[in-house]
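The primary structure of each chain is shown beneath.
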Amino acid sequence: MEEMTQLIEMQQAIGFLGTIGGLALALLGAGLAAVLPGIGSAKGTGIAGEAGTGLLCQDPSKFGKVMILQVIPGTQGLYGLVVWFFAIFSMGLLGGELPQMTVAQGMQYLVACLPMALGGLFSAIAQGRVAAGSINILAKKPDDWSKGMVLCITVEFYAILSLLASMLMIINIS
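The structure reproduced in this document is the subject of the present report. What you are looking at is a predicted structure, and each value in this text was computed from that prediction instead of being measured.

1. Comments concerning the packing of aromatic side chains
Under the counting rule described, the total for this entry stands at 2 aromatic pairs. Ring geometry for Phe-85 and Phe-89: centres 6.5 Å apart, planes at 15°, overall stacked. On the criterion of helical spacing, the pair formed by Phe-85 and Phe-89 is a turn pair, its members being 4 residues apart in helix 3 (residues 75–91). For the ring pair Phe-157 and Tyr-158, a centre distance of 5.2 Å and an interplane angle of 80° mean the geometry is edge-to-face.

Structure follows, in structure tokens:
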């Protein structure tokens with residue numbers, strides 16, 4: 001009798017996991033696509049901001065240029081939010097009902113969101129470091145600050161590739 005009860009409980013658990021497991025994986029992917037680039041952007045803008053405060057103590061007139069350099073690593077957080085929104089829209093979550101999704105479909109969303117999640121996290125931090133170096137250029141050679149911008153844009157390219165990879169994979173989930 002006890003074995004039969006355990007078997008029924010196991011079947012119920014498997015059925016429950018099969019019912020929500022796919023959606024849980026998909027939501028995990030979408031959440032990671034939003035949160036990890038946000039963390040990277042917070043870290044990257046913080047790194048650039050720390051470098052900027054030192055310069056602004058000596059020369060407050062450079063605030064506009066410092067602010068531009070500090071904001072650049074924040075774009076990855078925005079890209080992550082775009083992927084999150086696109087993923088939940090593609091899942092059908094904005095329709096007001098919970099979609100039925102297999103574990104395989106949920107895994108597709110999870111994997112599709114990973115390029116933006118990881119690419120956004122790491123590129124935002126790297127871009128913050130480049131922006132901090134660009135602020136040093138601004139401090140020592142103010143006329144060459146645009147060279148620092150070009151260096152920041154080089155890192156941005158890889159964040160855009162991550163965004164593109166995630167978006168193309170989400171589009172192809174059937």
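2. Considerations on the nonpolar core
Ranked by size, the top nonpolar core spans 19 residues in total, and within it Val-83, Met-91, Tyr-109 and Ile-170 carry the most contacts. Looking at this core, the elements that each hand over two or more residues are helix 1 (2–58), helix 3, helix 4 (103–140) and helix 5 (145–171). When residues in this core are grouped by element, the largest group, 5 residues, is from helix 3. Discounting residues that sit within four places of it in the chain, Ile-170 has contacts with Val-83, Phe-86, Ala-87, Ser-90, Tyr-109, Ala-112 and Cys-113. Among the nonpolar cores identified, the runner-up in size contains 11 residues, and Leu-55, Ile-72, Ala-131 and Leu-138 belong to it.

3. Remarks on a nonpolar patch on the surface
On the surface, Met-107, Val-111, Leu-114, Leu-118, Phe-122 and Met-169 cluster together into a nonpolar patch covering about 510 Å² of accessible area. Of the residues forming the nonpolar patch, the biggest block, 5 residues, is contributed by helix 4.

What counts, and at which threshold
- Residues numbered from 1 in each chain as written.
- Predicted model: local features only at pLDDT ≥ 70, side-chain atom pairs only at ≥ 80, totals over all residues.
- Heavy atoms only, no water.
- Phe/Tyr/Trp six-rings, centres within 6.5 Å; stacked < 30°, edge-to-face > 60°.
- Helix = DSSP H or I, 4+ residues; strand = E, 2+ residues; numbered from the N terminus.
- Core = buried A, V, L, I, M, F, W, Y, C linked by side-chain atoms within 4.5 Å.
- Buried < 20%, exposed > 50% of the residue type's maximum accessible area, 1.4 Å probe, protein only.
- Contact = heavy atoms within 4.5 Å.
- Patch = residues over 30% accessible without salt bridge, like charges linked within 9 Å, V, L, I, M, F, W, Y side chains within 5 Å.
- Areas by Shrake-Rupley, 256 points an atom, 1.4 Å probe, with all protein chains shown as cover.
- Salt bridge = Lys/Arg side-chain N within 4 Å of Asp/Glu carboxyl O.

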